[in-house]
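# Topology and contacts: notes
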Amino acid sequence: DSPAMVRFDGTRLDRLDVPILVRDLALAPQEGIELSVNADARLRWQGGEELPLLQGVVDLTRARYTRPIPLSADFAGRLQGRTVEAAPAAYDPANDFVRLDVQLRTPVPMRIANNIVDAELRLDETRPFRVVETLQRPGIVGSMHITRGLLRVYENQFEVRRGVVDLDNPDRVAARFDVAAQTEV
């Protein structure tokens, strides 16, 4: 790897290229979310660009989601998730400080274990799973496979036979689920 480089034109920053190497970083960004990561990335910027670019690879060596998911049924009996958190603040481009192009990898399965789901997921290795855009307005492109799992809906437990979660919008986080599950009645 090349070393860090910071170049000035007089007193004005002209170019920045800084390697970022992270090993065994444990994070708990919110209650019920546990992550451990290794990262090999670079922060780059040159004069004329609005924002620096954080680009590289992050290996999720542990990813566990245990937050409960509140559900309700509408009049037709369809299940709907309820948002219990406050709406995000309005987007303000002035609050962006970095662009993202980060590939995520999962050397071990990710785990969801809460009131609705008990499942393991892996990122699809046939195309890069990427977080793009900015921290304020992230987009995700890639697919996840449910390798095993159980869904609990009302008093029924469903065994997941196959499942794919596709994220194909680089401008926002928008997931499309295709899950086949089976139960006994």
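Refer to the preceding data block for the structure.
This one's a predicted model, so the numbers in the text were calculated from it and none came from an experiment. Along each chain, residues carry numbers from 1 onward, in the same order as the chain's sequence is written. Per-residue local features are limited, in this predicted model, to residues with pLDDT of at least 70; the limit for side-chain atom pairs, both in listing and counting, is 80 or more; totals at the level of whole chains, interfaces and linings are taken over all residues. To get the side-chain values, take all heavy atoms of the structure and skip hydrogens and water.

## Considering the overall build of the protein chain
- Elements are defined by DSSP. Helices are runs of H or I of four residues or more, strands are runs of E of two residues or more, and each kind is numbered from the N terminus. A count of helical and extended segments in the protein chain gives zero helices and 13 strands.
- In the protein chain, the order of α-helices and β-strands from amino to carboxyl end is β-β-β-β-β-β-β-β-β-β-β-β-β.
- With the C-alpha coordinates aligned to their principal axes, the bounding extent of the protein chain is approximately 75 × 35 × 30 Å.
- Relative accessible area decides the class of each residue, using a 1.4 Å probe on protein chains only: under 20% of the type maximum gives buried, over 50% gives exposed, and in between gives partly exposed. A burial count over the protein chain gives 29% of its 185 residues as buried.
- Taking the contacts inside the protein chain whose residues are at least 6 apart along the sequence as the reference set, 50% of them involve residues at least 24 apart.
- Within the protein chain, the 28 negative side-chain charges are centred at a point lying 2 Å from the centre of the 24 positive side-chain charges. Any two residues having at least one pair of non-hydrogen atoms within 4.5 Å are treated as being in contact. In this tally, Lys and Arg are treated as positive and Asp and Glu as negative; His is ignored, and so are the chain termini. Here the site of a charge means atom NZ of a Lys, CZ of an Arg, CG of an Asp or CD of a Glu.

## Let's talk about the environment of Asp 24
- Tracing the backbone shows Asp 24 in strand E2 (residues 12–27).
- Relative accessible area serves as the criterion here: at 63%, Asp 24 is assigned to the exposed category.
- Residue contacts for Asp 24: discarding those within four places in its chain leaves Val 37 and Asn 38.

## Observations regarding the side chain of Asp 124
- Locating Asp 124 in the fold gives a position in the loop between strand E9 (117–123) and strand E10 (129–134).
- Salt bridge, as applied in this entry: a Lys or Arg side-chain nitrogen positioned within 4 Å of an Asp or Glu carboxyl oxygen. Lacking a salt bridge, the buried Asp 124 has Arg 127 as its closest oppositely charged neighbour, with an N-O distance of 5.4 Å.
- Of note is the side chain of Asp 124, whose polar atom sits 2.6 Å from the side chain of Thr 126.
- Ignoring any residue separated from it by four or fewer positions in sequence, one finds Asp 124 in contact with Ser 143, Met 144 and His 145. Any pair of N or O atoms that falls within 3.5 Å is considered a polar contact. Within protein, one atom must be able to donate a hydrogen and the other to accept it, and sequence-neighbouring residues count only if both atoms are side-chain atoms.

## Here we look at the pairing of E9
- With respect to burial, E9 is a largely interior element, five of its seven residues being buried.
- In the sheet, strand E8 (residues 110–113) pairs with E9 via four bridges, with the strands oriented antiparallel. Bridge pairing in E9 places Arg 111 opposite Glu 120.
- Strand pairing is assigned whenever DSSP identifies at least 2 bridges connecting the two strands. Connecting E8 to the next strand, E9, in antiparallel fashion are three residues.
- Strand direction decides the pairing type here: E9 and strand E11 (residues 138–153), joined by seven bridges, are antiparallel.

## Looking at the pattern of salt bridges
- Using the criterion set out here, one finds 16 salt bridges in the structure.
- Note that Arg 44 and Asp 17 form a salt bridge whose closest N and O atoms lie 3.5 Å from each other. Of the two residues, Arg 44 sits in strand E3 (residues 33–46) while Asp 17 sits in strand E2, which places them 27 residues apart along the sequence.
- The residue Asp 118 makes a salt bridge to Arg 148 at a minimum N-O spacing of 3.7 Å.

## Observations regarding the nonpolar core
- One finds Val 58, Leu 104, Met 110, Phe 129 and Met 144 to be the most contacted residues of the largest nonpolar core, which totals 23 residues.
- Elements that contribute at least two residues to this core include exactly E3, strand E4 (53–65), strand E7 (99–105), E9, E10, E11 and strand E12 (156–169).
- Ranked by residues supplied to this core, first place goes to E9 with four residues.
- Apart from the residues lying within four places of it in its own chain, the contact partners of Met 110 are Leu 60, Ala 63, Ala 119, Glu 120, Leu 121, Leu 123 and Met 144. To qualify as a nonpolar core, a set must consist of buried Ala, Val, Leu, Ile, Met, Phe, Trp, Tyr and Cys residues joined through side-chain atoms within 4.5 Å.

## Here we look at the environment of Val 18
- Tracing the backbone shows Val 18 in strand E2.
- For the pair Val 18 and Asn 95, spaced 77 residues apart in sequence, the C-alpha to C-alpha distance is 22 Å.
- Apart from residues lying up to four places away in sequence, Val 18 is in contact with Ala 4, Ala 41, Arg 42 and Leu 43.

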